[in-house]
Amino acid sequence: MRQSRVNAMTGFAKSRSPIAGSTRCVNLYLEKNPPTSPSPYSLYPRPGYGLLKAEVQLGLARCLYTASNGALYKVVGTNVYYVDNNWAHTLLGTIAFGRTMCCMSDNGTDILLVDGTSAGYSINLESNAMVAIIDPAFYGGDWVQYVGSCFMLNRPGTAQAYISGTNALTFDPLDFLQKTSSPDPIASVVALNNQPWLLGTLKGEVWYYTGAADFPFQQLPGVIIEHGLAAVYSPAATDKFVFWLTQDKDGKPWVARGGTDYGVVRVSTHSMENEIQNYRVWNDAIGYVKQQLGHTWYVINFPSADKTWMFDLSVDNGVWSEPASIDTNGNLHRDRAQYQQFAYNTNVCVDWQTGNLLQSSPTIYKDLDVVFPCVFSFQHSVDTLERVSYQAITADMEVGPINNDYNIQSPWSNGFSTGFGPTPVDDDNPVFLRQSVNRGVTFKNARRKSLGKVGNYQKIVRWWRLSMARDSVFEISWALNAKTALNSLFIAPSDASET
């Protein structure tokens, strides 16, 4: 059979108009293959979530933090917990009720906790004793970072940041700095390579630690960040970059990446920015960074919009995908993880809705008891606008998968979208193909095939006699509690014969 290969070349590349691009990548991540591979990229299911510890008192997840001594702490609702290496929780104290996120940092002796108000709390790392800070020169903050030998915080509503004493939780009213590039308030303090980035709502500055006795920080000369902060809790830093949802005097919103060279580049796409701008609320975005299997991801959650985006730094110049959870009616929602930290040799997440601790693992293919769907729509299959009939479509997928657990709740239900099913619950590992004959605007009903029974590694996944179109877009989807991978599609033209 004469065929042409359509590779999985990008993740989220959907354009504002479907005729320009209709690629969508849900619950999958792209991995670049070695030159000897038959396909330049492969798609794998994103890490799933298993329960580590259920929260006794359910509430909004507001913070998750691994201290410098390796201990784990979290804030859910008004409760502040220490979590030991058996995931047992010890309630340390309570803070005022709020819908804001919290931020923690430590100096090796004490943690400083802030919650976006004028309040603050210290937690001793040895005793876990938690007390409120009552120093008159302490003003609270949205962000706190330990830089050099001091805690640095933004003073909410002002263009000032202030610091603690050296390796101490004392505060002097004269120990503050003023952002001079613009009078807009400092909304966050993010440390990159031990240098604080002071991001205001319109502009930012980078400072550095000098160790001077009178004031140990100084502004980095000539470095002005011309892009402000559109969402206070969106920033997150890797070893080389800081990401945030930005705004400036010229408009908003888009996702920015700042580097160790102090340059700022745009990493979001036009279509993604168009979607974000249509969210009813975007200034509640929450960002964090996670690393697994050599992939470093910047994840940004939009709680009010019920949406999550994930940027993979490991693929070329970075690529976006859409991690999503699913309900029993087949509706997609934001990813379950509000934050992630690496603690006790585990990638630990906190569930945004319940406060439960979850393990994130690439060998888990479900979110708790529900298998999540994987969806990838390929780029347009068109050379000319002549009508073409498609004799056969073959998916280059891993077949004969070994399931880890058959006793799970399936998302395929009578209420599920006809684009994916409904599907009978059995063990033959179904996969679905949908075709769009109107250039990605709408899709036909899904056609079901099987990846084969366990161990059937010679299985070919092929759909015969698809619809004629001038420009087709093909979409593959599946939901399996098993290891899977997708490379590409092979498309047979109309003059092919069945063999």
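A brief report on the enclosed structure follows.

Rules behind the numbers
- Residues numbered from 1 in each chain as written.
- Predicted model: local features only at pLDDT ≥ 70, side-chain atom pairs only at ≥ 80, totals over all residues.
- Heavy atoms only, no water.
- Helix = DSSP H or I, 4+ residues; strand = E, 2+ residues; numbered from the N terminus.
- Rg over C-alpha atoms; globule rule 2.2 N^0.38 Å.
- Buried < 20%, exposed > 50% of the residue type's maximum accessible area, 1.4 Å probe, protein only.
- Contact = heavy atoms within 4.5 Å.
- Pairing = 2+ DSSP bridges.
- Axes fitted to C-alpha atoms, helices over the stretch in contact; angles between N-to-C directions.
- Phe/Tyr/Trp six-rings, centres within 6.5 Å; stacked < 30°, edge-to-face > 60°.
- Lys NZ or Arg CZ within 6 Å of the ring centre and 35° of its normal.
- Polar contact = N/O pair within 3.5 Å; in protein donor to acceptor, adjacent residues only side chain to side chain.
- Salt bridge = Lys/Arg side-chain N within 4 Å of Asp/Glu carboxyl O.

### As for the overall build of the protein
Inference 1: Counting its regular elements, the protein contains 1 helix and 44 strands.
Inference 2: Over its C-alpha atoms the protein spans a radius of gyration of 25 Å, differing by no more than 12% from the 23 Å that the globule rule assigns to 499 residues.
Inference 3: Dimensions along the principal axes, computed over C-alpha positions, put the protein at roughly 85 × 50 × 40 Å.
Inference 4: The buried share among the 499 residues of the protein stands at 56%.
Inference 5: Taking as baseline every contact in the protein between residues at least 6 positions apart, the subset at least 24 positions apart corresponds to 59%.

### A look at the sheet that holds strand 15 (residues 150-154)
Inference 1: Strand order in this open sheet of 4 strands is 14-15-16-17, and the pairing throughout is antiparallel. On the outer flanks of this sheet lie strand 14 (144-147) and strand 17 (171-178), each paired with one strand and no other. Averaged over all neighbouring strand pairs, the angle between strand axes comes to 30°, with direction disregarded.
Inference 2: In the sheet, strand 14 pairs with strand 15 via 4 bridges, with the strands oriented antiparallel. Looking at the pairing, Y146 lines up with F151 of strand 15.

### A look at the packing of aromatic side chains
Inference 1: One pass over the full model with this rule turns up 19 aromatic pairs.
Inference 2: Judged by centre distance (5.4 Å) and plane angle (75°), the ring pair of Y29 and W297 falls under edge-to-face. One end of the pair, Y29, is in strand 3 (residues 28-32); the other, W297, is in strand 28 (residues 295-302), and 268 residues separate them in sequence. Each member of the pair Y29 and W297 is classed as buried.
Inference 3: Taken together, the ring pairs connect F241, F243, Y298, F311 and W320 into an aromatic cluster.
Inference 4: One cation-aromatic arrangement involves R155 over Y139; the distance from NZ or CZ to the ring centre is 3.6 Å.

### Some points on the side chain of K179
Inference 1: Turning to its location among the elements, K179 is positioned in the loop between strand 17 and strand 18 (186-192).
Inference 2: When its relative accessible area of 2% is taken as the criterion, K179 is described as buried.
Inference 3: At a separation of 3.0 Å, a polar atom in the side chain of K179 contacts the side chain of D184.
Inference 4: Ignoring anything within four residues of it in the chain, the contact list for K179 reads A159, D184, I186, L198, G200, K203, G204 and E205.

### A word on the environment of F243
Inference 1: With respect to the helices and strands, F243 occurs in strand 24 (residues 241-248).
Inference 2: On the basis of relative accessible area, F243 is assigned to the buried category, the value being 0%.
Inference 3: Measuring from C-alpha to C-alpha, the distance between F243 and R257 comes to 4.6 Å, with 14 residues separating the pair along the chain.
Inference 4: Apart from residues no more than four positions distant in its own chain, F243 is found in contact with S234, P235, A236, T238, A256, R257, V267, Y298, F311 and L313.

### Thoughts on the pattern of salt bridges
Inference 1: Under the defined criterion, the tally for this structure stands at 13 salt bridges.
Inference 2: With a shortest N-O distance of 3.3 Å, R24 and E322 are connected by a salt bridge. In this pair, R24 sits in strand 2 (residues 24-26) while E322 sits in the loop between strand 30 (319-321) and strand 31 (325-326), placing the two residues 298 residues apart along the sequence.
Inference 3: Residue class for R24 comes out partly exposed when judged on its relative accessible area of 28%.
Inference 4: Residue classification places E322 among the buried residues on the basis of a relative accessible area of 5%.
Inference 5: For R46, the salt bridge identified is with D335, shortest N-O distance 3.8 Å. Residue R46 is located in the loop between strand 4 (41-45) and strand 5 (48-53), and its partner D335 is located in the loop between strand 32 (332-333) and strand 33 (337-343); the two are separated by 289 residues in the primary sequence. As far as burial versus exposure is concerned, R46 and D335 are alike and both buried.
Inference 6: Here the salt bridges do not stand alone but share partners, grouping R24, E275, K307 and E322 into one network.

### Brief notes about the sheet that holds strand 20 (residues 204-209)
Whether parallel or antiparallel, the strands of a sheet pair through hydrogen bonds between backbone atoms.
Inference 1: Across the sheet, which stays open at both edges, the 4 strands sit in the order 18-19-20-21 with antiparallel pairing between neighbours. The strands lining the two open edges of the sheet, one partner per strand, are strand 18 and strand 21 (217-225). Averaged over all neighbouring strand pairs, the angle between strand axes comes to 25°, with direction disregarded.

### A short note on unusual backbone geometry
Inference 1: Here the phi dihedral of D316 falls at roughly 45°; this positive angle occurs in a residue that is not glycine.
Inference 2: With respect to the helices and strands, the residue D316 is situated in the loop between strand 29 (307-312) and strand 30.
Inference 3: Phi at R465 is positive, roughly 50°, even though this residue is not glycine.
Inference 4: Residue placement: R465 occurs in strand 42 (residues 461-469).

### A closer look at the pairing of strand 8 (residues 79-83)
Inference 1: Along strand 8, 4 of the 5 residues are buried, which leaves the element largely enclosed by surrounding structure.
Inference 2: In the sheet, strand 7 (residues 72-76) pairs with strand 8 via 5 bridges, with the strands oriented antiparallel. Following the sheet pairing, Y73 is matched in strand 8 by Y82.
Inference 3: Counting the residues between successive antiparallel strands, the hairpin from strand 7 to strand 8 contains 2 residues, one of them, G77, with a positive phi of roughly 60°.
Inference 4: Bridging between strand 8 and strand 9 (residues 89-94) involves 5 bridges; their strand directions are antiparallel. Pairing of Y82 across the sheet is with T90, part of strand 9.
Inference 5: A loop of 5 residues connects strand 8 with strand 9, the two strands running antiparallel in sequence, and W87 in this loop sits at a positive phi of about 70°.

### Regarding the environment of L220
Inference 1: Among the secondary structure elements, L220 is positioned in strand 21.
Inference 2: Separated by 11 residues in sequence, L220 and Y209 have C-alpha atoms that sit 9.7 Å apart.
Inference 3: Once residues lying within four places of it in the same chain are set aside, the contact partners of L220 are V206, W207, Y208 and Y262.

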